[in-house]
Amino acid sequence: MSRKRLTQVFPFLLPLRKWQRKKLFYLEMLLDGNRYTKKKSETLLPNTVFKTSSLMLNENSGFDMQYQINKVHNLKLAAKTINKVIIAPNDTFSFWQLVRRADRHEKYKDGLELVNGSIVGSYGGGLCQLSNMLFWLFLHTPMRIVERHGHGIESFPSTTEDLPCGTDATIYEGWLDLKVRNDTDNTFQIEISFDDSFMYGRILSQTPVSIDYKVFNSTVFYVKREEKNYQIATVCRSETDRVTGAQTEKELYINKCEIAYALPADANIEE
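Report on the accompanying structure. As the structure is a prediction and not an experimental result, all values here were calculated from the model.

Conventions adopted
- Residues numbered from 1 in each chain as written.
- Predicted model: local features only at pLDDT ≥ 70, side-chain atom pairs only at ≥ 80, totals over all residues.
- Heavy atoms only, no water.
- Helix = DSSP H or I, 4+ residues; strand = E, 2+ residues; numbered from the N terminus.
- Rg over C-alpha atoms; globule rule 2.2 N^0.38 Å.
- Buried < 20%, exposed > 50% of the residue type's maximum accessible area, 1.4 Å probe, protein only.
- Disulfide = S-S within 2.5 Å.
- Axes fitted to C-alpha atoms, helices over the stretch in contact; angles between N-to-C directions.
- Parallel < 35°, antiparallel > 145°, perpendicular 65-115°, else oblique.
- Contact = heavy atoms within 4.5 Å.
- Nonpolar A, V, L, I, M, F, W, Y, C, P; charged D, E, K, R; others polar.
- Salt bridge = Lys/Arg side-chain N within 4 Å of Asp/Glu carboxyl O.
- Expected span 1.5 Å × (residues − 1).
- Core = buried A, V, L, I, M, F, W, Y, C linked by side-chain atoms within 4.5 Å.
- Patch = residues over 30% accessible without salt bridge, like charges linked within 9 Å, V, L, I, M, F, W, Y side chains within 5 Å.
- Areas by Shrake-Rupley, 256 points an atom, 1.4 Å probe, with all protein chains shown as cover.
- Lys, Arg positive; Asp, Glu negative; His and termini not counted.
- Charge placed at Lys NZ, Arg CZ, Asp CG, Glu CD.
- Pairing = 2+ DSSP bridges.

1. Remarks on the overall build of the protein
Secondary structure assignment for the protein yields 5 helices and 15 strands. Whereas a compact globule of 271 residues would reach a radius of gyration of roughly 18 Å, the protein reaches 19 Å, a difference of no more than 12%. Seen along its three principal axes, the alpha-carbon backbone of the protein occupies a region of about 55 × 50 × 40 Å. Taking all 271 residues of the protein together, the buried fraction comes to 44%.

2. Side note on the state of the cysteines
The final tally for this structure, using the stated rule, is 0 disulfides. Not part of a disulfide, Cys128 finds its nearest cysteine sulfur in Cys257, a span of 13 Å. Its sulfur unpaired, Cys257 is 8.1 Å from the next cysteine sulfur, which belongs to Cys165.

3. A look at the packing of helix α3 (residues 65-82) against helix α5 (residues 128-138)
Closest axis-to-axis distance for the α3/α5 pair is 9 Å, and the angle between their directions is 50°. Classed by the angle they form, the pair α3 and α5 counts as oblique. Contact with α3, carried on its side by Lys71, Leu75, Ala78, Ala79 and Ile82, involves Gln129, Leu130 and Leu134 of α5 and no other residues of that element. The residue inventory of the contact of α3 with α5, partitioned by class, reads 6 nonpolar, 1 polar and 1 charged.

4. Some details on the pattern of salt bridges
Applying the stated criterion across every chain, the model contains 10 salt bridges. Of the charged contacts in the structure, one is a salt bridge between Lys84 and Glu42, with a shortest N-O distance of 2.9 Å. Taken together, the positions of Lys84 in the loop between α3 and β3 (86-87) and Glu42 in the loop between β1 (35-36) and β2 (47-55) put the pair 42 residues apart, joining distant regions of the chain. Where Asp212 meets Arg242, a salt bridge forms, and the shortest distance between an N and an O atom there is 2.8 Å. Note that Asp212 is positioned in strand β12 (residues 211-225) and Arg242 in the loop between β13 (228-241) and β14 (247-259), a separation of 30 residues in sequence. Through salt bridges with shared partners, a single ionic network connects Arg144, Arg181 and Asp183.

5. Considerations on α3
Taking 1.5 Å per residue, 18 residues should reach 26 Å; α3 reaches 26 Å between its end C-alpha atoms and fits that length. Listed as buried for α3 are Gln68, Asn70, Lys71, Val72, His73, Asn74, Leu75, Leu77, Ala78, Ala79, Thr81 and Ile82. Phi for Lys84, located one or two positions after α3, is positive at around 75°.

6. Some thoughts on the nonpolar core
Of all hydrophobic cores here, the largest spans 46 residues; its most connected members are Ile82, Phe93, Phe95, Leu130, Leu134, Phe138 and Ile190. Where this core is concerned, the elements lending two or more residues are α2 (14-31), α3, α4 (95-99), α5, β10 (188-194), β11 (198-205) and β12. Broken down by element, the residue count for this core peaks at 8 residues, all from α5. Ignoring anything within four residues of it in the chain, the contact list for Phe138 reads Ile87, Phe93, Met143, Ile145, Leu178, Val180, Ile190, Ile203 and Arg237. Listed in part, the 5 residues of the second largest apolar core include Tyr222, Cys257, Ile259 and Tyr261.

7. A word on a positive patch on the surface
A cluster of basic residues, Lys23, Lys38, Arg101 and Arg104, forms a positive patch on the protein surface. When you line up the elements, Arg101 lands in the loop between α4 and β5 (110-115).

8. Thoughts on the sheet that holds strand β4 (residues 91-94)
Here 4 strands make up an open sheet; going across it, the order is β1-β4-β9-β7 and the pairing mixed. Each end of this open sheet is capped by a strand with a single partner; those strands are β1 and β7 (144-147). Relative to strand β9 (residues 179-181), β7 runs antiparallel, the two sharing 3 bridges. Residue pairing across strands places Glu147 opposite Lys179, the latter belonging to β9.

Dropping the structure here:
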């Protein structure tokens, strides 16, 4: 049996623990020597590096759709702090450095969030859909991923079926961030927009990027341990030079997460 955390034994200590973690979280970034981007430009950079979209309402989640509607509200609040931000050379993008005060003027609503292994409605829930999309955008740029955390549990199928497995990025203020550093001599910009059904994301650049990036799974398989199914996905990326046609391919990381929904009948599960 795993040992319980102090806040699980004494739940009344949780608000104090969260306050402490957030203070340390931002203090560490203040002292780590990185220059965190906050500058925005209403004028969009001229070149599109990569673009994507994400369906906001998941009818197959099995949860109250009001939480899904609340999530859209939360996403729009958070996106305001990121939209049109500039990532200049030597700048580091941090999700929380930008989003930390998104609810200062208009409050978040209760959306779905993974807490202690269970999906529950909680204040500001659903922001992982934004961090997921940002991570997918960053994977298609020459910028360097500094920090990324995969979800420990996938509670329902993705609304974007063509995405490779294991390309999500969870965030939790005070503990988990999404960071990317621009080690190039080019300048990048993030654009986020919405319509009634989708959230759209683009990475723009000052000068054209001469590399095409393709992210894919080299292997995906499932294992069963103690009546739980786990997905093991190897995430790779190929880079093709548009001028010479030269191509390189490398493994980025191996992602493991528990699958909490029913897998297809033809899924190969290793016992």
